[in-house]
Amino acid sequence: ERLGPPLDIHLEALNCTAFSVQWRMPRQHASTISGYTVFYTEVINGRHVKQLTQDVPVKLDMMNLGQLDALVTFEVILGDLNPATLHRVSVGAYSWAGKGRASMPRDVSTLPQEQCLSPDSPAQPKVVVVSDTEVAVSWKQNTSEGAPPVLYYTLQYI
């Protein structure tokens with residue numbers, strides 16, 4: 001009997017050029033699985049344009065540690081994609097005995113380009129010498145229309 005399809009497929013757009021695929025192992029023959037293949041196809045105007053695959057081998061140390069129970073979630077991030085593009089995705093398991101059935105196809109879109117603009121540079125930076133070994137740095141957050149929220153700042157000094 002062939003391997004069943006992976007379960008609980010979850011797709012999430014991460015940004016303009018990437019999305020994540022998560023799944024759990026199939027119920028049948030879980031101990032014989034040596035990896036998974038993620039199939040993803042770009043869909044433009046209802047036509048499948050470019051089919052790609054990504055293999056996700058199962059690490060042997062996971063099997064030895066007994067971590068491959070039904071609750072383990074696998075994840076792969078697929079990148080280098082076009083913005084605002086629909087992709088049809090399915091996942092199949094494989095073993096030494098062959099390929100299993102793929103999951104039902106599901107759709108996900110990368111985010112549109114305007115949602116992935118770079119954040120604005122901070123405004124009005126100031127540096128004040130506090131002592132021989134310290135300076136104080138301050139700035140104002142620069143928020144313009146359409147710019148994404150700032151998650152963190154990186155400070156470089158020479």
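Report follows, based on the coordinates. (Residues numbered from 1 in each chain as written. Predicted model: local features only at pLDDT ≥ 70, side-chain atom pairs only at ≥ 80, totals over all residues. Heavy atoms only, no water.)

Moving on, we come to the pattern of salt bridges. For the structure on display, the rule yields 2 salt bridges. Linking D8 and R24 is a salt bridge whose minimum nitrogen-to-oxygen distance equals 2.6 Å. Residue D8 is located in strand β1 (residues 7-13), and its partner R24 is located in strand β2 (residues 19-24); the two are separated by 16 residues in the primary sequence. One salt bridge in this structure joins R88 and D107, with 2.7 Å as the shortest N-O distance. You can see R88 sitting in strand β6 (residues 86-95) and its partner D107 sitting in strand β8 (residues 106-109), a full 19 residues away along the chain. (Salt bridge = Lys/Arg side-chain N within 4 Å of Asp/Glu carboxyl O. Helix = DSSP H or I, 4+ residues; strand = E, 2+ residues; numbered from the N terminus.)

Pairing analysis gives 10 bridges linking strand β3 (residues 33-44) to strand β4 (residues 47-57), with the strands arranged antiparallel. Opposite F39, over in β4, you have T53 as the bridge partner. From the end of β3 to the start of β4, which pair antiparallel, there are 2 residues, and N45 there has a positive phi angle of about 50°. (Pairing = 2+ DSSP bridges.)

The next subject is the environment of Q141. Here Q141 lies in the segment after β10 (135-140). A C-alpha to C-alpha distance of 10.0 Å links Q141 and P119, two positions 22 residues apart in sequence. Among residues more than four places away in sequence, those in contact with Q141 are V150 and Y153. (Contact = heavy atoms within 4.5 Å.)

Bringing the side chain of S103 into the picture now. Its place among the elements puts S103 in the loop between β7 (98-102) and β8. For S103, a relative accessible area of 7% corresponds to the buried category. In this structure S103 touches P5, P6, I9, S90 and V91, once residues within four positions along its chain are discounted. (Buried < 20%, exposed > 50% of the residue type's maximum accessible area, 1.4 Å probe, protein only.)

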